[in-house]
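Structure assessment
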Amino acid sequence: MATYKAPVQDMQFVLERIVGMEQRLAGIERFSEVSDDLVRGVVEEAAKLIEGSLAPLNASGDEQGCRLEDGQVYTPDGFPEAWRLFSEGGWSGLSQSEEYGGQGLPFVLSQVLMEMMAGANSAFSLYPLLTAGACEALEKHGSAELQATYSPKLVSGQWSGTMCLTEPQAGSDLAQVKTRAEDAGDGSYRLNGGKIFITGGEHDMAENIIHLVLARLPDAPAGIRGISMFLVPKFLPDADGNPGERNGVNCANIEKKMGIHAASTCVLNFDDAVGWLVGEEHQGIQNMFTMMNLARLGVGNQGLGICEAATQNAIAYALDRKQGRPLARKGEAATDTVLIAEHPDVRRMLFTMKAFTEGGRVLAYEAAASADVAAHHPDDETRQKAQDFVDLMTPICKAWLTDAGCELAGTGVQVFGGHGFIREHGMEQFVRDARINTLYEGTNGIQAMDLVARKLKLHNGRLINTYLDDIATFISAEKGNDALAFIVQPLGEALDGLREATERVREALGSAPDDAGAAAYDYLQALSLLAVGYAWARMARAVQGEDTAFARSKLTTARFFARRLLPRVHGLLPAIYAGADELMALPADELA
Ligand SMILES: Cc1cc2nc3c(=O)[nH]c(=O)nc-3n(C[C@H](O)[C@H](O)[C@H](O)COP(=O)(O)OP(=O)(O)OC[C@H]3O[C@@H](n4cnc5c(N)ncnc54)[C@H](O)[C@@H]3O)c2cc1C
């Protein structure tokens, strides 16, 4: 069976020495008490809870799945108890405002927690992810009355939250949402319609479920600008704020899925369901996006969690399984059977896993820490710069980390050989659980379009130009550092490639949009590899001159990344420049 141990040492290394949390958050009133010591304590406590309570439910939750009986969804054995422990420990409100009973700690810590949860039990991690999203939306856009009634109970985990966007005809294209809302004349609305694929839409872990629903008012303009957001509770709160009368929202079905079996994925029907407007009329998409953007970083961390889990299980197996003999050098006698970890090809797999996981962790935590700065720093310019970085990195963290989750889950199976294909080892569950992360919260194709069609253009290219310039500044500063040349030089070559690619994609956006659309995914991959390369260069610099097993591992993995993975950037460039001619040459009906 697969196991999970939180990589506490690496998490702390990234937070303290690469992200530099203490310095980064200095000057932010809300985080005045946050120190490296406090962060260390939180990370260690989280690790204990997750290793002890969530990891043991991963395989059993997958086997058992959720079941629907008379409209009630039952989660697998142990899940309600795990939710109780999670909530009572204050983990659901870790980074939520103290005003509503949260701990007010940095968002980046909630993302460390998300990585751990997803590595230990991906299905469970979805319930807190969606609940945090609902808290966020209410805090930013809800009326004082809605906040007073719902926020404290969502923050405490007594109640859970959902995001209800998708309908059968409205997936990536939310302009097609049809669910209707009508003003009831008493400050409330009545909602009618159906949503599909709603995570946590019904379950038995919390005493009430609070749905945030996209719907259309009768006078709404057509398309994306005519959608509003409503809060619809499963139970209407009574005069004391406790769950009262049952509302007209019901779970008609739960989906049978490829993975994350313990996360309920519900078809929800709204029949004259009572709801309240959140934010302004017709602003639903914009408001939903304030929470979706943070949720996208969260999904990236779900990908990262799977990268870590697959990697540590693969390494443990490779250090246990003996097969084959080393490739004999001329004149040497054959030796005994060795650990598979002694074979260069197995090492190739293990180093790829380590390089993507540890490099990806820097991307994820840096984006999350920047989100803290962007939300709370007193200085306008600092906030704006941090927001630019978050905006640029969101599609990269969401798409690249979740693609890496799939790739590494597959590599993990490969390290196990045929045993990886067998259920009891747990490696195939990672493959099944990882797959969803590339699909929801905007498919990875949509993330690539967001990067290319929105983020490259935003503020006249300021986001990408600033980021590429930051990397150039690092490279110039390290030019004389011979011990780092092994990575600084290829990083510079990759940077040159990305500068040219960025210009060409940007040009195509104006003159040949299909060419830009055709380049988008490969461009996202190339920029992500550059970003991970930059992360490895900084990790290598941080441990330069240290003689510990940790430092040796970092430096060797940095070398591996620089020589074997970073050059993939140059392989992607021809595809970025290829245009859309072949892709769009055939009429759609000739594809069949
Ligand atoms: C297990 C699970 C849980 C989910 N949880 C939730 C939830 O809690 N709440 C919720 O509201 N939804 C949820 N979803 C829905 C999920 O967000 C959607 O499935 C996703 O947004 C994609 O929509 P779709 O499935 O309709 O695919 P489509 O939009 O039909 O996309 C199909 C393909 O076309 C591509 N494509 C579509 N439009 C474009 C475009 N403009 N440019 C380029 N490519 C494009 C996509 O990238 C994809 O490859 C969940 C789905 C699943 C499977």
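Numbering of residues starts from 1 in each chain and follows the order in which that chain's sequence is written. Given that this is a predicted model, residues contribute local features only at a pLDDT of at least 70 and side-chain atom pairs are listed and counted only at 80 or more, while totals for whole chains, interfaces and linings are drawn from all residues.

Topic: the packing of helix α1 (residues 8-18) against helix α3 (residues 36-54)
Rules: Lines are fitted to the C-alpha atoms to define the axes, a helix being fitted only along its stretch in contact, and any angle between axes, read from their N-to-C directions, falls within 0 to 180 degrees. In DSSP terms, a helix is any run of H or I states spanning at least four residues, a strand is any run of E spanning at least two, and both are numbered starting from the N terminus. Angular relationships are summarised with four words: roughly parallel below 35 degrees, roughly antiparallel beyond 145, roughly perpendicular across 65 to 115, and oblique for the angles in between. Helix crossings get a hand from a simple test, with the near helix turned counterclockwise from the far one by less than a right angle marking a left-handed crossing and a clockwise turn marking a right-handed one. In this description, any two residues whose backbone-derived C-beta atoms lie within 7 Å of each other are considered to be in contact. Following the grouping adopted for this structure description, the nonpolar residues are Ala, Val, Leu, Ile, Met, Phe, Trp, Tyr, Cys and Pro, the charged ones are Asp, Glu, Lys and Arg, and the polar ones are all others, Gly among them.
At a minimum axis separation of 11 Å, α1 and α3 run at an interaxial angle of 150°. In this view, α1 runs roughly antiparallel relative to α3, as classed from their interaxial angle. In the crossing of α1 with α3, the sense of the turn from one axis to the other is right-handed. Along its contact with α1, which presents Val8, Met11, Gln12, Leu15 and Glu16, the element α3 presents Asp36, Val39, Arg40, Val43, Glu44 and Ala47. Classifying every residue of the contact of α1 with α3 gives 6 nonpolar, 1 polar and 4 charged.

Comments concerning helix α15 (residues 513-543)
Filter applied, for reference: The length a helix should cover is 1.5 Å for every residue beyond the first. What is called the bend at a residue is the angle between a pair of axes, fitted to the seven residues leading up to and ending at it and to the seven starting from it. To assign burial, the other C-beta atoms lying within 10 Å of each residue's own C-beta are counted, with C-beta atoms placed from the backbone; 20 or more indicates buried, 12 or fewer indicates exposed, and intermediate counts indicate partly exposed.
Here α15 is 31 residues long and its end C-alpha atoms lie 44 Å apart, about the 45 Å a rise of 1.5 Å per residue gives. A bend of about 45° at Ala520 is the largest found in α15. Most of α15 is tucked away, with 27 of its 31 residues classed as buried. Just past α15, the residue Gly545 takes up positive phi, approximately 85°.

Some remarks on helix α6 (residues 107-141)
Between its first and last C-alpha atoms α6 spans 18 Å; for 35 residues at 1.5 Å apiece the expected length is 51 Å, and the helix comes up short by more than 12%. Burial runs high along α6: 33 of the 35 residues are buried.

Topic: the nonpolar core
Selection rule: Here, a nonpolar core means buried Ala, Val, Leu, Ile, Met, Phe, Trp, Tyr and Cys residues linked by C-beta atoms lying within 7 Å of one another.
By size, the foremost hydrophobic cluster in this structure holds 191 residues, and its most contacted members are Phe230 and Leu363. Sort the elements by how many residues they give to this core and α6 lands first, with 21 residues. Not counting chain neighbours up to four residues away, the residues in contact with Leu363 comprise Met393, Ile396, Cys397, Leu401, Ala531, Val532 and Ala535.

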